[in-house]
Amino acid sequence: MNDSSGSMQELAELIRSLRDPACYDHPAGPVQVIETHISYVLLTGAFAYKIKKPLDLGFLDFSSLAKRLHACCDEVQLNRRLAPDIYLDVVPITGTPAAPRLNGSGETFEYAVKMRQFPPDATLDRLDAAGGMTAQHIEAIAAALARFHVEGCARAGQDTPWGSPDAIWDPVAQNFVRIATHLDDPADRAQLDALRHWSETEHTRLTPLMAARKTDGFVRECHGDLHLGNLAWVDGRLLVFDCIEFNPELRWIDIQSEVAFCYMDLLQRGHAEWAWLFLNTWLERTGDYAGLALLRYYAVYRALVRAKIAAIRTAQTAGPERDAAFAKMRTLLHLATTLTRSLPVRLDITHGLSGSGKTTVTRKLMQAPGAIRLRSDVERKRLAGLDALARSGSGIGQQLYGTDATQRTYAYLARLSGALLDAGWPVIVDATFIARWQRDLLRETAQSRGVEFHILDFPVPVATLRERIVQRARTGGDASEADLSVLQHQLDTQEPLGSDEQAQTLDHTLQ
């Protein structure tokens, strides 16, 4: 399969031949073949091999042997950032398509990425289909992704083309061109046209923010293809694999674009609560609330990426498989349309002493009906340059909890809330709000924007509060530093809700 004569027919012959365990330089069991729209993966038992199709799809070019080799080398190097134990090497395939040898002697006519094999059913899309996904998996994804984005991604230089508004628009525009060639129904075409108009309008509106995001270092060398099919749960740990190696334009992206893919994927699979949990967990770890103004735009783009892939599959398949691909494409177009619609925007704040259950209840509320949650315990420490779980050593009314720091924290929460409301996101602020000025500050934030405002009240007996605080101290793992002396200080200084606040107050006592 040389550069001039490489073809899908020869590749098909090679894949048939590689089903023979004798082709490998190690013991192999019955070989299983998995086909995607751009590659074949052969599972041999201990190892898996990925062979790229000789395709030129515009957004990727594997049309020559040299280009496939380059892509294989990039795949190994890039995926070792997140899965160093899985991606082993690039190996030559020698002989002929009819009689191939993996890692053999003689002239090389094809290359494969060699990986350590893990159970195919371990991927999270299959785990989800089997009903085995839990909130633990979702939080692990968000935590791993946040760590990767903060510590493991190179940042695009200002002299690079990646992440500029024009570079962001190019793949968005290509999606519409690719999908349109597979649509005959006037209703489908009208829907695609409406999505293109919305995307063009949003891109124009968001162009200044896109440019600022690159200047501020949020365009990074990401994974690029983060959905449940590229995540696995192996030996009790999350595995992130199969990043985009074939097109730097699709890999050097705003981190919000990466987050949007997993967020959209969870929504597509009917897991709206987990989509909110994933988003909130990632945001709490990274603090990138300012980027949320872009998330809806990127989520629509990501849905259309998946629609494009389904469209490509309709041209590569026939019969029931083609019908399934076409139905999936339509489902994704519908999801993209849904994502363009505004959410009901509101601002809720909590009111309750330490240990009253605010964080537990708001965790549920941020998932259903859904909202972005801001926690004072986390943001107070972020402003001080501390990790959420760090102990500050601050005394009551001192350092992090002094008057100036508290005023700065609540002013920051108000600014963040306002920016999120302006971007069309519902917000919950989790804090004690025992002082009237704190509640008034957030009420004014909501009223100035004409959105609903609620106070979620947590009236809990003092004895219960003391029990919970003692138990929380024993357990650990929470951002709150409140102990019994802090609780007593709150009891001594709290300002009860005024009669004028009662109309906006909802009782959310944790039972």
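To be clear, the structure that these remarks concern was listed above.
If you're wondering where the values come from, they're calculated on a predicted model, not measured in any experiment.

Points about the packing of aromatic side chains
Aromatic ring pairs: the centre-centre distance and the angle between the two ring planes describe each pair. A complete count under the given rule lists nine aromatic pairs for this structure. A ring pair is formed by Phe 62 and Phe 246, whose centres lie 6.1 Å apart and whose planes are at 85 degrees; its orientation type is edge-to-face. With Phe 62 in the loop between β3 (47–52) and α2 (65–79) and Phe 246 in the loop between β9 (237–240) and α7 (248–251), this residue pair connects regions lying 184 residues apart in the sequence. Between Tyr 297 and Tyr 298, the aromatic rings sit 5.6 Å apart at their centres with planes inclined by 70 degrees, giving edge-to-face as the arrangement. Note on accessibility: Tyr 297 and Tyr 298 belong to one class, buried. Among the aromatic residues, those joined into a ring-pair cluster are Phe 59, Phe 62 and Phe 246. Positioned over the ring face of Tyr 40 is Lys 53, at 5.1 Å from the centre of the ring. Between the NZ or CZ atom of Lys 114 and the centre of the ring of Phe 47, over which it lies, the distance is 4.3 Å.

Things to note about the packing of helix α8 (residues 255–268) against helix α11 (residues 319–339)
Running from amino to carboxyl end, α8 crosses α11 at an angle of 115 degrees, the nearest separation of the two axes being 11 Å. Considered as vectors, α8 and α11 are oriented roughly perpendicular to each other. You can see that α8 and α11 cross each other, and the crossing is right-handed. Residue-level contacts link Tyr 263, Met 264, Leu 267 and Gln 268 of α8 to Lys 328, Leu 332, Leu 335 and Leu 339 of α11. Residue classes in the contact of α8 with α11 are distributed as six nonpolar, one polar and one charged.

Observations concerning the sheet that holds strand β12 (residues 372–375)
Sheet strands line up and pair through hydrogen bonds in the backbone, either parallel or antiparallel. One open sheet holds the five strands; their spatial order is β12-β13-β11-β14-β15, and the pairing between them is parallel. Two strands close off the open sheet at either side, each with one partner strand: β12 and β15 (505–507). On average, each strand axis in the sheet is inclined to that of its neighbour by 25 degrees, with strand direction left out of account. Where strand β14 (residues 452–457) lies against β15, three bridges are found, and the strand directions are parallel. From the neighbouring strand, Ile 455 faces β15, where its bridge partner is Thr 505. Each of β12 and β13 (427–430) is contacted by helix α13 (residues 376–383), which is oriented at about 65 degrees to β12, the strand it contacts most. Here helix α15 (residues 436–447) sits on the sheet and contacts β11 (346–351), β13 and β14; the angle it forms with β14, its principal contact strand, is near 150 degrees.

Notes on the sheet that holds strand β4 (residues 87–95)
In space, the six strands of this open sheet follow the order β1-β2-β3-β6-β4-β5, with antiparallel pairing throughout. In this open sheet, the two edge strands, each paired with only one partner strand, are β1 (32–35) and β5 (100–102). With direction set aside, neighbouring strand axes in the sheet form an average angle of 25 degrees. Here seven bridges tie β4 to strand β6 (residues 108–116), and the two strands are oriented antiparallel to one another. Paired with Val 90 across the strands is Val 113, a residue of β6.

Quick word on the pattern of salt bridges
Taken as a whole and judged by the stated rule, the model has 33 salt bridges. Arg 313 is paired through a salt bridge with Glu 321; the nearest N and O atoms lie 2.9 Å apart. Of the residues examined, Arg 313 reaches a relative accessible area of 16% and is grouped as buried. Overall, Glu 321 belongs to the partly exposed group, its relative accessible area being 46%.

Some remarks on the pairing of β12
Residues Ile 372 and Leu 374 of β12 are buried on one face, and the alternating residues Arg 373 and Arg 375, pointing to the opposite face, are buried as well. In the sheet, β12 pairs with β13 via four bridges, with the strands oriented parallel. Residue pairing for β13: Arg 373 is matched across the bridge by Ile 428.

A look at the state of the cysteines
Every disulfide links exactly two cysteines, by a covalent bond between their sulfur atoms. All told, the structure shown has zero disulfides when counted by the stated rule. With no disulfide of its own, Cys 72 has Cys 73 as its nearest cysteine by sulfur position, at a separation of 6.9 Å. A relative accessible area of 1% means that Cys 72 is categorised as buried. The thiol of Cys 262 is not disulfide-bonded; the next cysteine sulfur, from Cys 222, is found 13 Å away. Given the relative accessible area of 0%, Cys 262 is considered buried.

Points about the packing of helix α4 (residues 135–152) against helix α9 (residues 272–286)
The N-to-C vectors of α4 and α9 enclose an angle of 35 degrees; their axes lie 8 Å apart at closest approach. Once α4 is placed against α9, the crossing between them reads as right-handed. When α4 is examined against α9, the residues Ala 135, Ile 138, Glu 139, Ile 141, Ala 142, Ala 143, Leu 145, Ala 146, His 149 and Val 150 are found in contact with a partner set consisting of Trp 274, Leu 277, Phe 278, Thr 281, Trp 282, Arg 285 and Thr 286. Taken together, the residues of the contact of α4 with α9 break down into 12 nonpolar, three polar and two charged.

Brief notes about the side chain of Thr 445
When you line up the elements, Thr 445 lands in helix α15. Among the residues examined, Thr 445 registers a relative accessible area of 9% and is labelled buried. Looking at Thr 445, its side chain comes within polar contact range of the main-chain oxygen of Leu 441, at 3.0 Å. Setting aside residues no more than four positions away along its own chain, Thr 445 makes contact with Leu 347, Ala 414, Ser 417, Gly 418 and Leu 421.

Scoring rules and cut-offs
- Residues numbered from 1 in each chain as written.
- Predicted model: local features only at pLDDT ≥ 70, side-chain atom pairs only at ≥ 80, totals over all residues.
- Heavy atoms only, no water.
- Phe/Tyr/Trp six-rings, centres within 6.5 Å; stacked < 30°, edge-to-face > 60°.
- Helix = DSSP H or I, 4+ residues; strand = E, 2+ residues; numbered from the N terminus.
- Buried < 20%, exposed > 50% of the residue type's maximum accessible area, 1.4 Å probe, protein only.
- Lys NZ or Arg CZ within 6 Å of the ring centre and 35° of its normal.
- Axes fitted to C-alpha atoms, helices over the stretch in contact; angles between N-to-C directions.
- Parallel < 35°, antiparallel > 145°, perpendicular 65-115°, else oblique.
- Left-handed = near helix turned anticlockwise from the far one by under 90°.
- Contact = heavy atoms within 4.5 Å.
- Nonpolar A, V, L, I, M, F, W, Y, C, P; charged D, E, K, R; others polar.
- Pairing = 2+ DSSP bridges.
- Salt bridge = Lys/Arg side-chain N within 4 Å of Asp/Glu carboxyl O.
- Disulfide = S-S within 2.5 Å.
- Polar contact = N/O pair within 3.5 Å; in protein donor to acceptor, adjacent residues only side chain to side chain.

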